[in-house]
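Single-letter residue listing:
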Amino acid sequence: MSHADDIEDSSAPLIEHLAELRTRLIRSVLAFVVAMIFCFSFGSAILDFLLIPIEQTMRDLGNPNPVMQYTAPQEYFFTLVRISMVGGLAISFPVIAYQLWRFVAPGLYKNEKSAFLPFLIASPALFMLGAAFAQYVVVPLAMKFFLGFADAASILSAIVQDGSIEGASEGIDIVFQGKVNESLDITLKMIVAFGLCFQLPVLLTLMGKAGLVTAEGLANVRKYAVVGILVVAALVTPPDVVTQLILFVVVFGLYEISIWLVRGVERRRNQRLREEGYFDDEEDEEGLDDILNGDDEDLK
């Protein structure tokens, strides 16, 4: 067989993989487009649902008829498009994950398939859990902080001017006139931020299965993780101490859960190696742990 034939034979599997990848990508895009169109059909209802926290907060502050406005002709339309994109991605994610699974599954061993599949199921479930936590807990607290702060500032200004709360009717009346897209920004950012933060156990457990992190290593860098979580909380949440504290507590709790999950992965891996005869006693197990953790002096 000539060298040219070798090249042709080796290129055939690559072309097949590229064709398979194209098919999976097309199906994923189609699923996203269909889900996006479906969400756009109910865009107004989804928008009303997402604005429930700010509506309830305005009612609690004494506004019996909350009103939101938009100031550009195209603003409402593109607001529904944004909602449809986020909702379409959430709905179509199982299909996209399944297409990804079908693409990589032929190259995995049986035990790798059984290990990888649960994470495809856990990932969207955790994202939805984080999104629900943001919608029902974090966003209402953020809205109460911002709108309540403005309301309290208005009353305080009137007291300073006239010496009594009765004088609040005089002077400049500061009223919230919310824009649809700007108010929705806070909700969507919170939903996406908490949805991604809830992926931490999935990410760290996968890294643990791949041998990239260990439970002991994660525990040793806990103090750096605290600093990192505080920075993330300051960046992705409003300047509200309560909201930032909630995000910190939740993410740090997920970090501790991740350590526990990685430790379970290591325990099952050591048990499997023991059953396969790689070590017989505790001393050998500790030596293998040192090798897996990169602490064996002979490897240095």
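Small disclaimer: the values here were computed from a predicted structure and weren't measured.

Reading the values: rules and limits
Residues numbered from 1 in each chain as written. Predicted model: local features only at pLDDT ≥ 70, side-chain atom pairs only at ≥ 80, totals over all residues. Heavy atoms only, no water. Patch = residues over 30% accessible without salt bridge, like charges linked within 9 Å, V, L, I, M, F, W, Y side chains within 5 Å. Areas by Shrake-Rupley, 256 points an atom, 1.4 Å probe, with all protein chains shown as cover. Salt bridge = Lys/Arg side-chain N within 4 Å of Asp/Glu carboxyl O. Helix = DSSP H or I, 4+ residues; strand = E, 2+ residues; numbered from the N terminus. Buried < 20%, exposed > 50% of the residue type's maximum accessible area, 1.4 Å probe, protein only. UniProt positions renumbered as here; feature names shortened; annotations may be inferred. Contact = heavy atoms within 4.5 Å. Axes fitted to C-alpha atoms, helices over the stretch in contact; angles between N-to-C directions. Parallel < 35°, antiparallel > 145°, perpendicular 65-115°, else oblique. Left-handed = near helix turned anticlockwise from the far one by under 90°. Nonpolar A, V, L, I, M, F, W, Y, C, P; charged D, E, K, R; others polar. Lys, Arg positive; Asp, Glu negative; His and termini not counted. Charge placed at Lys NZ, Arg CZ, Asp CG, Glu CD. Core = buried A, V, L, I, M, F, W, Y, C linked by side-chain atoms within 4.5 Å.

## Focus on a nonpolar patch on the surface
- A contiguous nonpolar surface patch, about 370 Å² in accessible area, is contributed by Leu14, Leu18, Leu21 and Leu25.
- Mapped onto the elements, Leu14 comes out in helix H1 (residues 3–41).
- For Leu14, a relative accessible area of 51% translates into the label exposed.

## Notes on the UniProt feature "transmembrane region" (unreviewed entry) in the protein
- According to UniProt, the positions carrying the feature "transmembrane region" (unreviewed entry) are residues 29–54, 76–104, 116–138, 186–207, 219–236 and 242–262.
- For the annotated span residues 186–207, helix accounts for 91% and strand for 0% of the residues, and the straight-line distance between the end C-alpha atoms is 31 Å.

## Observations concerning the side chain of Ser183
- With respect to the element layout, Ser183 can be found in helix H6 (residues 180–197).
- Excluding residues within four positions of it along the chain, Ser183 makes contact with Leu51, Ile54, Met68, Met143, Phe176 and Gly178.

## With respect to the packing of helix H4 (residues 75–104) against H6
- Taken N-terminus to C-terminus, the directions of H4 and H6 make an angle of 15 degrees; their axes are 10 Å apart at the nearest point. Accordingly, the angle class assigned to the pair H4 and H6 is roughly parallel. Judged by the twist between their axes, the crossing of H4 over H6 is left-handed. Of H6, the residues touching H4 (which contributes Glu75, Thr79, Arg82 and Ile83) are Val180, Asn181, Leu184, Asp185 and Leu188.
- Its residues assigned to classes, the contact of H4 with H6 shows four nonpolar, two polar and three charged.

## What to know about the pattern of salt bridges
- Within the structure shown, the criterion is met by five salt bridges.
- In this structure, the salt-bridge partner of Glu55 is Arg59, at a minimum N-O distance of 3.2 Å. Residue Glu55 and its partner Arg59 are both found in helix H3 (residues 52–60); the two are separated by four residues, about one turn of the helix.

## What to know about a positive patch on the surface
- On the surface, Lys209, Arg263, Arg267, Arg268 and Arg272 cluster together into a positively charged patch.
- Among the elements that line the positive patch, the one with the most residues is helix H10 (residues 241–275), at four residues.
- Note on placement: Arg267 falls in helix H10.

## Here's the deal with the nonpolar core
- Counting residues in hydrophobic clusters, the biggest one holds 41 residues, and the most contacted among them are Leu47, Phe194, Leu218 and Tyr255.
- At nine residues, the largest contribution of residues to this core is made by H10.
- Those residues in contact with Leu218 that lie beyond four places of it in its chain are Leu204, Val213, Tyr255, Ile259 and Val262.

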